[in-house]
Structures are given as C-alpha cells and as structure tokens.
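Chain by chain, the residues:
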Amino acid sequence: MTGQLFGFPANRRIVAGLLVNLLSSICIVFINKWIYVRYGFPNMTLTLVHFVVTWSGLYICQKMDIFSPKSLPVRRIMWLALSFCGFVAFTNLSLQNNSIGTYQLAKAMTTPVIILIQTTYYKKTFSTKIKLTLVPITLGVVLNSYYDVRFNVLGTVFATLGVLVTSLYQVWVGAKQHELQVNSMQLLYYQAPLSSAFLLGIIPVFEPLTGDGGIFGPWSLPALVMVLFSGVVAFLVNLSIYWIIGNTSAVTYNMFGHFKFCITLIGGYLLFNDPLSLNQALGILCTLAGILSYTHFKLLEHEEGKSRLAQRP
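We now turn to the structure provided with this report. (Residues numbered from 1 in each chain as written. Predicted model: local features only at pLDDT ≥ 70, side-chain atom pairs only at ≥ 80, totals over all residues. Heavy atoms only, no water.)

**A few points about empty space enclosed by the protein**
Within this structure, the stated rule accounts for 2 cavities of 30 Å³ or more. In this structure, the second largest cavity spans a volume of roughly 30 Å³. Along its surface, the second largest cavity is lined by Ser25, Ile26, Val29, Gln104, Lys107, Lys260 and Thr264. Breaking the lining of the second largest cavity down by element, the ones donating at least two residues are α1 (10-39), α4 (100-107) and α10 (250-271). Here the lining of the second largest cavity gets 3 residues from one element, more than from any other, and that element is α1. (1 Å grid on protein atoms, 1.4 Å probe; cavity = no way out; pocket = protein on both sides within 12 Å on 5 of 7 lines; lining within 4 Å. Points joined across faces, edges and corners; volume = space filled by probe spheres on them. Helix = DSSP H or I, 4+ residues; strand = E, 2+ residues; numbered from the N terminus.)

**Some thoughts on the packing of aromatic side chains**
Tallied over the entire structure, the rule returns 9 aromatic pairs. With a centroid separation of 5.4 Å and an interplanar angle of 25 degrees, the aromatic rings of Trp55 and Tyr59 are classed as stacked. Taken as a pair, Trp55 and Tyr59 lie in helix α2 (residues 43-63) at a separation of 4 residues, close to a single helical turn. In this structure Trp55 comes out as partly exposed when scored by relative accessible area, which is 31%. Consider the rings of Tyr189 and Tyr190, whose centres lie 5.5 Å apart with planes at 85 degrees: the pair is edge-to-face. Owing to a relative accessible area of 27%, Tyr190 belongs among the partly exposed residues under this scheme. Taken together, Trp55, Tyr59, Phe67, Tyr189 and Tyr190 form an aromatic cluster joined through their ring pairs. (Phe/Tyr/Trp six-rings, centres within 6.5 Å; stacked < 30°, edge-to-face > 60°. Buried < 20%, exposed > 50% of the residue type's maximum accessible area, 1.4 Å probe, protein only.)

**Focus on a nonpolar patch on the surface**
A surface patch of nonpolar side chains, about 400 Å² in accessible area, is lined by Trp55, Tyr59, Ile60 and Met64. By the element assignment, Met64 lies in the loop between α2 and α3 (74-97). Look at Met64 and you get exposed, because its relative accessible area is 57%. (Patch = residues over 30% accessible without salt bridge, like charges linked within 9 Å, V, L, I, M, F, W, Y side chains within 5 Å. Areas by Shrake-Rupley, 256 points an atom, 1.4 Å probe, with all protein chains shown as cover. Salt bridge = Lys/Arg side-chain N within 4 Å of Asp/Glu carboxyl O.)

**Examining the packing of helix α5 (residues 110-121) against helix α7 (residues 153-180)**
Where α5 meets α7, the axes come as close as 9 Å, and the angle between the chain directions of the two elements is 55 degrees. Taken together, the axis directions place α5 and α7 in an arrangement best described as oblique. Crossing geometry of α5 relative to α7 is assigned as right-handed. Of the residues in α7, those touching α5 at Thr110, Val113, Ile114, Ile117 and Gln118 are Val163, Leu164, Thr166, Ser167, Leu168, Gln170 and Val171. (Axes fitted to C-alpha atoms, helices over the stretch in contact; angles between N-to-C directions. Parallel < 35°, antiparallel > 145°, perpendicular 65-115°, else oblique. Left-handed = near helix turned anticlockwise from the far one by under 90°. Contact = heavy atoms within 4.5 Å.)

Next comes the structure, spelled out in structure tokens:
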C-alpha cells in the first residue's frame, strides 16, 4: 500500500484521510454524547462495541484484499492494546462527565504532552517557536476549564487521564508501525481484538450486566441502532487515526485535530445547550491562536527543509 491506493496518488490520499477523520471525529462526539444523555448507555460497553465493529470492518477490508494481515507477536503490541483501551474509555468518560467544550479543549493538551514525551524519551527536537506556541494552547485550556460553570472534579480527572493515555497511545502507534514494519490496518487488525479481550475481563467489575443501564438491559431498538452506528463511525475514526499518524506524525494529527474543536464546540452549544461565558470564549480564542501559530511555523520549517534538500548537490 505504498505510492497509490485505489488509484489515488499519495497527496490526495492524505487529504482524503484527513477529511474522513474530520467528519467521523466530529460525528462520533455528538453521537456518543447523545447516547449518554438520551439513553444512558454504559461507557465501557460502548467502547467494547467500538472495538468489535472496528475489527469486523477490518476483517471485511482484508477479505476485499484492501490489505494483507501480518502475523504479530502479542507481547509486542500488548501495551499498545492497553493504551487503546484507556484512550477510548477515558475520552468517553470525559465526554460523559464534562461539557463538550471542556471535553474538546482538554484534548488540546495532548499536543504539549506528546511533544514532552517525544523530547524526553525519543530525543526528538522542536524549535523554540514551536515550543512557544504551546503556551497559548495551554493557557486557553486552563481559562476555559476554570470558568466552566459545569466544572467537576471527576470530569477533570477523566480528562487528565484521557490526555496522558491518548498521548502515549498516539506516540506508540507511529513507533510500532515503524518498528514492526506494518501499516495502519495491519496493526489495528491485531490490536483491536486484543483490546476487546482486555475490556471483556473488566466490564463485569465496573458495569451492571442486567437491569436498567446494564449491558443486557431492556434497551430500545433506536438505542441499539444508535450504538451500532456509533461503532461504525468509531471504526472510521480509529482507522483514520492510525493511517494519518503512520503517514505523517502524531503531532501533525493532533494539530489537525485541534481545528475540529471549533466545529465541535459550536455543535455542543447548539445541540446540548452548553453554557459559554466571555472568559471561556477568550480561552477558546487563545487556544486557537496557539494552534494557528503552530501550524504556520510548522509549515515554514517544512518548506525550509525542502529548500535545503533541493539545494544539495
């Protein structure tokens, strides 16, 4: 799967992958929030549904010869599978216990954490300009959280854990694809069922099995349809995350992802009547300014790098 896929050149594939991630990532937030608010569906069970549908989608893809499975040792992807569980579960819990605005802005902190991880453990260097853009991003998130009228300790804990685990997960995805010499679909094909197995072992401990709110409770047909649809959208989100990180980088994925938060915030205020104070609006603008600055400097560095390569004899 190099050079071309389905007849599309590389640059068009990247644009298509970003577009799929944009639409599916925005949809999954609203769909999951609706499932929590309207039906009260259990969080970990919804996460398990996402994993199972993701694996089923990949199984269909490999049967259609879209990719070829590659045998991977379980011990080499065990920590990645565990981080995948935490990534999805904690972000869903953050969404369940926070307003959409706070949930979305908290995710912006993933970029500073990723840069910290890559600088500390992978010895990757970032310019001073890039590091300075993290200041308004962080300040904006703090402003929004501090003035959020729906602020709660539990939601903050889940959001913080979500940022930490998501950062590790996204760094490991890129590292594992290069380490194991696999593409996004090959890695996710083996990692999704392993993550499902981990969740199956802990769901009975944290969530009821029967009765109202239980896994096998009396759920209505519309609720089950929405849960299944959520799983399909989650498949597109998971696949596009793997694909984008594998073909670009974890930081690029996150900075692109921050642009989605504007649309998601507007949708949260319109669909779920999330409150918005003046100080929160300033926080959002501050974070957006940091995102735009980062993107500007990153593009300049990329162009300078291409110019230096072109000038070499």
